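# Results of the structural survey
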Amino acid sequence: MKTPGIPGRAAVRVALSAVLLVLIAGAAAAQEARDPHAVQPERPTVATHAYTVAPGFLEIEAGVEYDRYADRSKGGVAPVVFKLGLAPRLQLDLDVSALRPPGGTTVGVGDLAVALKWRLADGAPVLGDFAVIPSLKLPTAPTASGLGTGTTDVGLVLVSSRQLGSVEMDLNLGYTHRSGPDGFAPRDATLWTASFGGPVSGGLGWTAELYGYPATSGPAGAASIVALLGGPTLLARPSLAFDAGVIVPLTGPQPRAVYIGCVYNVGRLWGARTPNR
């Protein structure tokens, strides 16, 4: 004898729909709680955080790094990243850099890379705010001058972010696989990072990071790298931040470096307008 009410399968569908609506509402509330005009700097650290630019908004990161290697050769990089919010939990990154390879005199544009940051969870018990970042690097730069690797790179980074009082902690684990000619870059590479940052006074803050690139094999293989990065940050206004600092190698062929850069939230490119804050 059947009991009155919703059949079993229908009840499951209703329950799943209710859970989905709760998750969507929670995601929207979390996004709305953040000022969409406020910068969310991912530089200067090697790590990134789990948060995304608001839908329809554009944010630009740019900087300059000067490198000095153990053999006294010099190099440098000037990265530029365009970050575009596609949805409340989804961000598109377009990454291009001007490079001066170590020991060379040529300055040119390196390979082009694109990535999607997808925030999967907010405040999860173990992972905290959690995101995944699949990426693709294309061999758009010449290899003869050292500006490009000649390889197509597919990568994935796992990101966990959480607040520890006034300090934000970002943990990253990354993997990259490359296809193309050997000799310019290893076929497989991994990355780990532990980044921390917080306020000092007013708009003045700090950032510090320990990161590593485990050893790789093959014709372009290299010893493992572990390095420290750190320096001050300055929030000049909600939509504009500056950073500067140093990179100090602990092990491996990481060069000593100094850097300076900025992050600017350009504003909304499409969608309903919101008052400036």
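Of the residues in the chain, 86% have a pLDDT of 70 or more, and the chain-wide mean is 88. Here residues 14–32 scores under 50 on pLDDT; set against residues more than four positions off or in separate chains, the count is eight contacts.

The biggest cluster of nonpolar side chains holds six residues, and these are Y211, A227, L229, I247, A257 and Y259. Of all the elements in the fold, those that place two or more residues in this core are β11 (225–237) and β13 (256–268). Residues A115, A131, I133 and V159 belong to the second largest nonpolar core, which totals five residues.

Following the criterion strictly, the structure yields one aromatic pair and no others. Ring geometry for Y211 against Y213: centres 5.9 Å apart, planes inclined by 80°, an arrangement best described as edge-to-face.

Turning next to the pairing of strand β2 (residues 74–87). Regular strands have side chains that alternate between both faces of the sheet. Sheet topology places strand β1 (residues 57–68) next to β2; nine bridges connect them, and they run antiparallel. Its bridge partner being in β2, R68 is matched across the sheet by K74. Linkage of β1 to β2, two consecutive antiparallel strands, is achieved through a turn of five residues, within which R72 is found at a positive phi near 75°. Pairing of β2 with strand β3 (residues 90–100), which is carried by eleven bridges, proceeds in the antiparallel orientation. Within β3, the residue paired with G76 across the bridge is R100. Here β2 folds back onto β3 in antiparallel fashion, the turn holding two residues.

It is worth spelling out a positive patch on the surface at this point. On the surface, a cluster of positive charge is contributed by R68, R72, K74 and R100. Examined against the element boundaries, R68 turns out to sit in strand β1. We classify R68 as partly exposed; its relative accessible area is 34%.

Per the stated rule, a full pass over the model turns up eleven salt bridges. Among the ionic pairs, E61 bridges to K83, the shortest N-O distance being 2.8 Å. In this pair, E61 sits in strand β1 while K83 sits in strand β2, placing the two residues 22 residues apart along the sequence. A single burial state applies to E61 and to K83, both of which are buried. One network of salt bridges, with partners in common, ties together E42, E59, E61, K83 and K117.

Parameters at a glance
Residues numbered from 1 in each chain as written. Predicted model: local features only at pLDDT ≥ 70, side-chain atom pairs only at ≥ 80, totals over all residues. Heavy atoms only, no water. pLDDT = per-residue confidence, 0-100. Contact = heavy atoms within 4.5 Å. Core = buried A, V, L, I, M, F, W, Y, C linked by side-chain atoms within 4.5 Å. Buried < 20%, exposed > 50% of the residue type's maximum accessible area, 1.4 Å probe, protein only. Helix = DSSP H or I, 4+ residues; strand = E, 2+ residues; numbered from the N terminus. Phe/Tyr/Trp six-rings, centres within 6.5 Å; stacked < 30°, edge-to-face > 60°. Pairing = 2+ DSSP bridges. Patch = residues over 30% accessible without salt bridge, like charges linked within 9 Å, V, L, I, M, F, W, Y side chains within 5 Å. Areas by Shrake-Rupley, 256 points an atom, 1.4 Å probe, with all protein chains shown as cover. Salt bridge = Lys/Arg side-chain N within 4 Å of Asp/Glu carboxyl O. Lys, Arg positive; Asp, Glu negative; His and termini not counted. Charge placed at Lys NZ, Arg CZ, Asp CG, Glu CD.

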